[in-house]
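Observations on the three-dimensional arrangement
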Amino acid sequence: MNWHFDGVKPGMQEMEWLGGELELQRVRALMEELEQGLSPCPFCGARAVVRGVFRYDSPGAMVECPLCHCGTLAFITGFNYLTEENETLEKCVKKAVSRWNRRTEAAV
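The structure presented is a predicted model; accordingly, all values stated were derived computationally and were not measured.

How each quantity is defined
Residues numbered from 1 in each chain as written. Predicted model: local features only at pLDDT ≥ 70, side-chain atom pairs only at ≥ 80, totals over all residues. Heavy atoms only, no water. Salt bridge = Lys/Arg side-chain N within 4 Å of Asp/Glu carboxyl O. Helix = DSSP H or I, 4+ residues; strand = E, 2+ residues; numbered from the N terminus. Buried < 20%, exposed > 50% of the residue type's maximum accessible area, 1.4 Å probe, protein only. Expected span 1.5 Å × (residues − 1). Arc of directions from axis to C-beta. Contact = heavy atoms within 4.5 Å. Pairing = 2+ DSSP bridges. Axes fitted to C-alpha atoms, helices over the stretch in contact; angles between N-to-C directions. Phe/Tyr/Trp six-rings, centres within 6.5 Å; stacked < 30°, edge-to-face > 60°.

Under the criterion given, the structure shown has six salt bridges. Across the pair Glu90 and Arg26 runs a salt bridge whose closest N-O atoms are separated by 3.2 Å. Taken together, the residues Glu90 in helix α3 (residues 89-101) and Arg26 in helix α2 (residues 21-35) connect sequence positions 64 residues apart. By relative accessible area, Glu90 is classed as partly exposed at 28%. Note on Arg26: relative accessible area 39%, which makes it partly exposed. Residue Glu87 is joined to Lys95 by a salt bridge in which the shortest nitrogen-to-oxygen separation is 3.0 Å. Judged by relative accessible area, which is 5%, Glu87 ranks as buried. One salt-bridge network, held together by shared partners, links Glu23, Arg26, Glu90 and Lys94.

Take a look at the structure:
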């Protein structure tokens, strides 16, 4: 099992879960585009990355710092029973980026 999209190749089961090569290319392009607007890591200041991840047989996305490895939760595709909406991979990527960029000012 490959836990990140980085190693997914044609013919692998994970490619099927993603919806095929064209869908993977589309999602990777969206991830690269949204990475440009990520805030730096709040702990070490490094540039964060958007990662495509798998949880069981469902694809999802999270934002992670490559240095100190802090990150968001993984937002996973499928039906969200709390919001009663279907979560697409595109929505998951956008939610992860939005959650990462959400900052509150420290109380003095």
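Once you've had a look at it, read on.
Moving on, we come to α3. End to end, α3 covers 19 Å across 13 residues, agreeing with the expected 18 Å (1.5 Å per residue, within 8%). Along α3, the positions that sit buried rather than exposed are Leu89, Cys92, Val93, Ala96, Val97 and Trp100. The arc enclosing the buried residues of α3, seen along the axis, measures out at 130°, which places them on a common side. Looking at the packing, one finds that the buried side of α3 touches α1 (13-18), α2, β1 (49-55), β2 (58-64), β3 (75-76) and β5 (85-87).

With antiparallel pairing, the three strands of this open sheet are ordered in space as β1-β2-β3. Both edges of this open sheet fall to β1 and β3, since each of them pairs with a single strand only. As paired strands, β2 and β3 are joined by two bridges and run antiparallel to one another. Within β3, the residue paired with Ala61 across the bridge is Phe75. Each of β1, β2 and β3 is contacted by α3, which is oriented at about 20° to β2, the strand it contacts most.

Below, the discussion takes up the packing of aromatic side chains. The final tally for this structure, using the stated rule, is three aromatic pairs. Look at Trp17 and Phe54: their rings are 5.8 Å apart centre to centre, the planes differ by 65°, and that puts the pair in the edge-to-face class. With Trp17 in helix α1 and Phe54 in strand β1, this pair connects stretches of sequence that are 37 residues apart. The exposure class of Trp17 is partly exposed, given its relative accessible area of 25%. Using a relative accessible area of 0% as the deciding quantity, one classes Phe54 as buried.

Read these as geometric descriptors, not functional statements.
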